[in-house]
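Single-letter residue listing:
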Amino acid sequence: MRIVLTEFVTLDGVSQGPGSPTEDTTDGFSRGGWLVPFIDEVFVRRTAEWLTLADGLLLGRRTYDAFARDWPQITDPDDPFTERMNALPKYVVSSTLAEGSWNPTTVVSGLEGVAELKKLPGNELQIHGSARLGNALLKAGLVDLVRLAVAPTVIGAGRRLFEHPGDTAGLRLAKHEATPSGLLLLEYEAVGAARMAEYEGVTAFV
């Protein structure tokens, strides 16, 4: 399976608490809910399509606990995400969790365990939230695709998606789309280390 890092971020790279002011108040964060004003029909349709590509969810412990608490409580039959989120296999990368309560759940140990998951048949193993896990896997060369929904807003505080980048990571833009509300939907293929060069004047590019 391909590992796909799927994240909602602001223009200044914040990924914390996109859906509600009370979603994630870690470290006193009080500016959650920044994605909600920009949710539109195109965004909902496209993110629902993304989820249909998943054969499993790959989560860190903190995101898993929040999802396990919230998703089973959603009972709206018209919600395009709930049934699939609850039914998909969940893989939690944790050294402290013995077993999960949001079935079906498998606890995975470290990067070696994730590398073994990549060998399983299937389409996508999707990381949702879990920015620290996503960063660690990107650094280790285990992420195949980065899929972002970028909100046209600057929050100025909160946990940023790539605040623990470690080594460089090169990405190639594969798809892009703007929704009517101004969200940018971007897909980047991981291509190893970031490329570097020295600027030698504009004539070198024409």
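All figures in this text were calculated on a predicted structure; none of them were measured in a lab.

Enquirer: What's the story with the overall build of the chain in this structure? I'm lost.
Expert: Counting secondary structure elements, the chain contains five helices and eight strands. Along its sequence from the N terminus, the chain presents helices and strands in the succession β-α-β-α-α-β-β-α-β-α-β-β-β. Relative to the 2.2 N^0.38 estimate, which gives 17 Å for 206 residues, the radius of gyration of the chain is 18 Å and therefore close to what a compact globule would have. Taking the principal axes of its C-alpha atoms as reference, the chain extends roughly 60 × 40 × 35 Å. A buried classification covers 43% of the 206 residues belonging to the chain. Restricting to contacts in the chain with at least 6 residues of sequence separation, those with at least 24 account for 71%. Each charge class in the chain was averaged separately, 19 positive and 27 negative side chains, and the resulting centres sit 3 Å apart.

Enquirer: Which parts of the structure should I look at to understand the side chain of Glu7?
Expert: Along the chain, Glu7 falls in strand 1 (residues 2-10). The contacts of Glu7, once residues within four sequence positions are left out, are Ser15, His128, Gly129, Ser130, Ala131, Arg147, Leu148, Ala149 and Leu161.

Enquirer: What is the right way to look at unusual backbone geometry in this model?
Expert: The bulk of non-glycine residues show a negative phi, and the bulk of peptide bonds are trans. Residue Pro104 is bonded to the preceding Asn103 through a cis peptide linkage, with omega at -5°. Residue placement: Pro104 occurs in the loop between strand 3 (90-93) and strand 4 (105-108). Backbone geometry places Ser130, a non-glycine residue, at a positive phi of 50°. Along the chain, the position of Ser130 falls in the loop between strand 5 (124-128) and helix 5 (131-139).

Enquirer: I keep staring at the packing of aromatic side chains and nothing clicks. Help me out?
Expert: For any two aromatic rings, the description comes down to two numbers: the centre-to-centre distance and the angle of the planes. For the coordinates displayed, the defined rule picks out three aromatic pairs. When the ring of Tyr64 is compared with that of Trp102, the centres are 6.1 Å apart and the planes differ by 45°; the resulting orientation is tilted. With Tyr64 in helix 2 (residues 61-70) and Trp102 in the loop between strand 3 and strand 4, this pair connects stretches of sequence that are 38 residues apart. Of the two residues, Tyr64 and Trp102, both sit in the buried class. Consider the rings of Phe67 and Trp102, whose centres lie 6.3 Å apart with planes at 90°: the pair is edge-to-face.

Enquirer: Would you take a moment to explain the environment of Leu148 for this structure?
Expert: Assignment of secondary structure puts Leu148 in strand 6 (residues 145-151). Separated by 86 residues in sequence, Leu148 and Arg62 have C-alpha atoms that sit 20 Å apart. Excluding residues within four positions of it along the chain, Leu148 makes contact with Glu7, Trp50, Leu161, Leu184, Leu185, Leu186 and Tyr188.

Enquirer: When you look at the nonpolar core in this model, what are you seeing that I'm missing?
Expert: Note on soluble globular proteins: their nonpolar side chains tend to be buried together. If you look at the biggest cluster of nonpolar residues, it comprises 23 residues, and the most contacted ones within it are Ile3, Leu58, Val114, Leu125, Leu137 and Val143. Counting only elements with at least two residues in this core, the list comes to strand 1, strand 3, helix 4 (110-118), strand 5, helix 5 and strand 6. Broken down by element, this core gets its largest block of residues, four residues, from helix 5. If near-sequence neighbours (up to four positions away) are discounted, Leu125 is found in contact with Met1, Arg2, Ile3, Val4, Gly56, Leu57, Leu58, Tyr91 and Leu117. Residues Phe67, Trp71, Met85 and Leu97 belong to the second largest nonpolar core, which totals 15 residues.

About the cut-offs
- Residues numbered from 1 in each chain as written.
- Predicted model: local features only at pLDDT ≥ 70, side-chain atom pairs only at ≥ 80, totals over all residues.
- Heavy atoms only, no water.
- Helix = DSSP H or I, 4+ residues; strand = E, 2+ residues; numbered from the N terminus.
- Rg over C-alpha atoms; globule rule 2.2 N^0.38 Å.
- Buried < 20%, exposed > 50% of the residue type's maximum accessible area, 1.4 Å probe, protein only.
- Contact = heavy atoms within 4.5 Å.
- Lys, Arg positive; Asp, Glu negative; His and termini not counted.
- Charge placed at Lys NZ, Arg CZ, Asp CG, Glu CD.
- Phe/Tyr/Trp six-rings, centres within 6.5 Å; stacked < 30°, edge-to-face > 60°.
- Core = buried A, V, L, I, M, F, W, Y, C linked by side-chain atoms within 4.5 Å.

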